[in-house]
Amino acid sequence: MSTDLEDTGELTAPEDLEAFPAVYDRYFDQIYAYVAGRLDSQAADDLVADVFTEAFRHRERFDPDRGNLRSWLFGIATNLVARHRRTEARHYRALARAAPEPDTASHESRVVASVSAQRLQPELAKALAGLTAKERDVVLLAALAELSHEEIAAALDIPYGTVGSRLNRARGKLRTALEGTER
């Protein structure tokens, strides 16, 4: 096994158990950041472990012809997040009701940026909660996981064009919901 793991068939053979630690090491941080952004860090700890458990358990299902390994892992993560949809919706509703926390940073530019972000946090959470689950999945895979349209299509097992239309529709809804919130 090479140390430079490629997004190819390293996981296609169920008996190739030696490749899995390298997969975990390479993608853990990316999957964790995505899941933590969708839920919270405490839920992400458990859920990310479940992502890699599922990937290992079902490694023979990985098909490099349908997308790369990274997309496959994000697809598993998205499916597991969907199982926690009620928790996710409660999280967004709570963020929408929460008042911004006071900023304790002393550097002026950090203060200005932080205050702006804090002011938008409840409105953004409310706007995200107003999206359909499918729209929210596409937006958050693009924003938090920084996946390309191709990777999102592979992760969600949807056509490339559907990614673009969902993302465009979701961005329009977010833009409308956030109009006038910048102070």
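Here, every reference points to the structure presented above.
Let me sum up the structure you'll find in this document. (Residues numbered from 1 in each chain as written. Predicted model: local features only at pLDDT ≥ 70, side-chain atom pairs only at ≥ 80, totals over all residues. Heavy atoms only, no water.)

## Observations regarding helix H3 (residues 69–83)
Every α-helix winds through 3.6 residues per turn, so residues three or four apart in the chain are directed the same way. Here H3 is 15 residues long and its end C-alpha atoms lie 22 Å apart, about the 21 Å a rise of 1.5 Å per residue gives. Where H3 is concerned, the buried positions are Leu69, Arg70, Ser71, Trp72, Leu73, Phe74, Gly75, Ile76, Ala77, Thr78, Leu80 and Val81. At the N-terminal boundary of H3, the capping side chain belongs to Asn68, with an oxygen 3.2 Å from the backbone nitrogen of Arg70. (Helix = DSSP H or I, 4+ residues; strand = E, 2+ residues; numbered from the N terminus. Expected span 1.5 Å × (residues − 1). Buried < 20%, exposed > 50% of the residue type's maximum accessible area, 1.4 Å probe, protein only. Polar contact = N/O pair within 3.5 Å; in protein donor to acceptor, adjacent residues only side chain to side chain.)

## Details of the pattern of salt bridges
Side chains that differ in charge, positive against negative, can pair when their charged atoms come close. Within the structure shown, the criterion is met by six salt bridges. Overlapping salt bridges, with partners in common, bring together Glu135, Arg169 and Lys173 in one network. (Salt bridge = Lys/Arg side-chain N within 4 Å of Asp/Glu carboxyl O.)

## Some remarks on the packing of aromatic side chains
To describe a pair of aromatic rings, you give the distance between the ring centres and the angle between the ring planes. Taken as a whole, this structure holds eight aromatic pairs when the rule is applied. Ring plane angle 70 degrees and centroid distance 4.9 Å describe the contact between Tyr24 and Phe52, whose orientation is recorded as edge-to-face. Here Phe52 lies in helix H2 (residues 41–57) and Tyr24 lies in helix H1 (residues 20–38), a separation of 28 residues in the sequence. According to the relative accessible area criterion, Tyr24 is partly exposed, its value standing at 34%. Every member of this aromatic cluster is reached through a ring pair, and the members are Phe20, Tyr24, Phe28, Tyr32, Phe52 and Phe56. Over the aromatic face of Phe56 sits the side chain of Arg59, whose NZ or CZ is 4.2 Å from the ring centroid. (Phe/Tyr/Trp six-rings, centres within 6.5 Å; stacked < 30°, edge-to-face > 60°. Lys NZ or Arg CZ within 6 Å of the ring centre and 35° of its normal.)

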